[in-house]
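# Fold and geometry: a report
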Amino acid sequence: MPPVVAVPIMVGPDLAKGERVNHTTDTTEGEAGDLQLPEAGAGPLLQRDYWAVIRQCHHRPSDLVDWVARRFPELAPDELCVFEREDGSREGQPLEPGEGLTVHIQGAGTFGVRVIHKDRQSLTLATLPGHPEAGRITFGAYRNEYGDVLFHIRSRARSGSRSHYWGFVAGGEAMQTNTWTEFVLRVAVSTGEGVVGSIHAETVELEDEPEGGDVTAGPTFLARGDEADD
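Residues numbered from 1 in each chain as written. Predicted model: local features only at pLDDT ≥ 70, side-chain atom pairs only at ≥ 80, totals over all residues. Heavy atoms only, no water.

Regarding its fold elements, the protein chain presents two helices and 10 strands. Burial status across the protein chain gives 52% buried among its 230 residues. Counting only contacts in the protein chain whose residues sit at least 6 apart along the sequence, the fraction spanning at least 24 positions is 70%. (Helix = DSSP H or I, 4+ residues; strand = E, 2+ residues; numbered from the N terminus. Buried < 20%, exposed > 50% of the residue type's maximum accessible area, 1.4 Å probe, protein only. Contact = heavy atoms within 4.5 Å.)

Structural data, given as structure tokens:
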């Protein structure tokens, strides 16, 4: 993997991401049983976005997501969290709906997540019981109006319990931001020439899951825009 270099992180609202937010799609779905849904969590429902434009991306969006699905554990910073596939025989193959991973989070412990959704341009994981969060997270790639490839992570979750909520307030938020902005950066330097400008980070509080969202088998956003490459 290319060496990771420091880039600025822009924290705050930005409406130029370009993803579609409707929720009607034809996808492959995973099993919903045993998920730790937001309704079982504590504290506010938070939507967190991390994204960047990839400079001179070498891949179309769907190929980039396939690459991420094959190498997912390599892209998280080991000093903050370590992902491992439960089925080691699938190493090097793309993650698929129903597949599980363990994640060891520094200072918190080891927990489980499961792939609940996948389409051409996105991959979604959901948390399992005991995880510090209750919800799901989508990793997607698409093009903006200028044809640039963006890589975008959006989580939508509550804290897994009241104690996890206070732990998140105390320090978990900064760790999560560092984890996912580093993930975005590693994707950008591995599939292109880094990021254009900054890696963006934004958190908003929601009253409820947006209308049409599927917390058990759907993504947090729809990534579209690969059709121009076909």
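One finds Phe72, Phe151 and Phe183 to be the most contacted residues of the largest nonpolar core, which totals 38 residues. Not counting residues up to four positions away in its chain, the partners in contact with Phe72 are Phe83, Leu95, Leu101, Leu123, Leu125, Phe139 and Phe183. One finds Val53, Leu150, Phe221 and Ala223 within the second-largest nonpolar core, a separate group that totals six residues. (Core = buried A, V, L, I, M, F, W, Y, C linked by side-chain atoms within 4.5 Å.)

Another point: unusual backbone geometry. In this structure, Gln56 takes a positive phi of about 50° despite not being glycine. Tracing the chain through its elements places Gln56 in the loop between strand S3 (42-53) and helix H1 (61-75).

A few words now on H1. With 15 residues, H1 should reach 21 Å at 1.5 Å per residue; the first-to-last C-alpha distance of 17 Å falls well below that figure. Where H1 bends most, at Ala69, the angle is about 55°, and the proline Pro73 comes one to four residues later. Of all the residues in H1, the buried ones are Pro61, Ser62, Leu64, Val65, Trp67, Val68, Ala69, Phe72, Pro73 and Leu75. (Expected span 1.5 Å × (residues − 1). Bend = angle between axes of the 7 residues up to and from the residue.)

In regions of low pLDDT, the predicted coordinates are not meant to be interpreted in detail. Summarising the model, the protein chain shows a mean pLDDT of 85, and 79% of its residues fall at 70 or more. Within the protein chain, the element-level pLDDT minimum falls on strand S2 (residues 28-29), averaging 42, and the maximum on strand S7 (residues 122-127), averaging 98. Ignoring residues within four places in sequence, the model shows residues 1-6, a span with pLDDT below 50, making 11 contacts including any to other chains. Considering only residues more than four positions removed or in separate chains, one finds that residues 20-31, a stretch of pLDDT under 50, has 34 contacts. (pLDDT = per-residue confidence, 0-100.)

Right, let's talk about the pattern of salt bridges for a bit. Enumeration according to the criterion identifies 13 salt bridges in this entry. Of the charged contacts, one joins Arg70 and Asp66 as a salt bridge, the two residues approaching to 2.8 Å between their closest N and O atoms. Linking Arg70 with Asp66, this pair stays in helix H1, spanning four residues, or about one helical turn. According to the relative accessible area criterion, Arg70 is partly exposed, its value standing at 34%. Residue classification places Asp66 among the partly exposed residues on the basis of a relative accessible area of 28%. Linked through salt bridges whose partners overlap, the residues forming this network are Arg60, Arg120 and Asp226. (Salt bridge = Lys/Arg side-chain N within 4 Å of Asp/Glu carboxyl O.)

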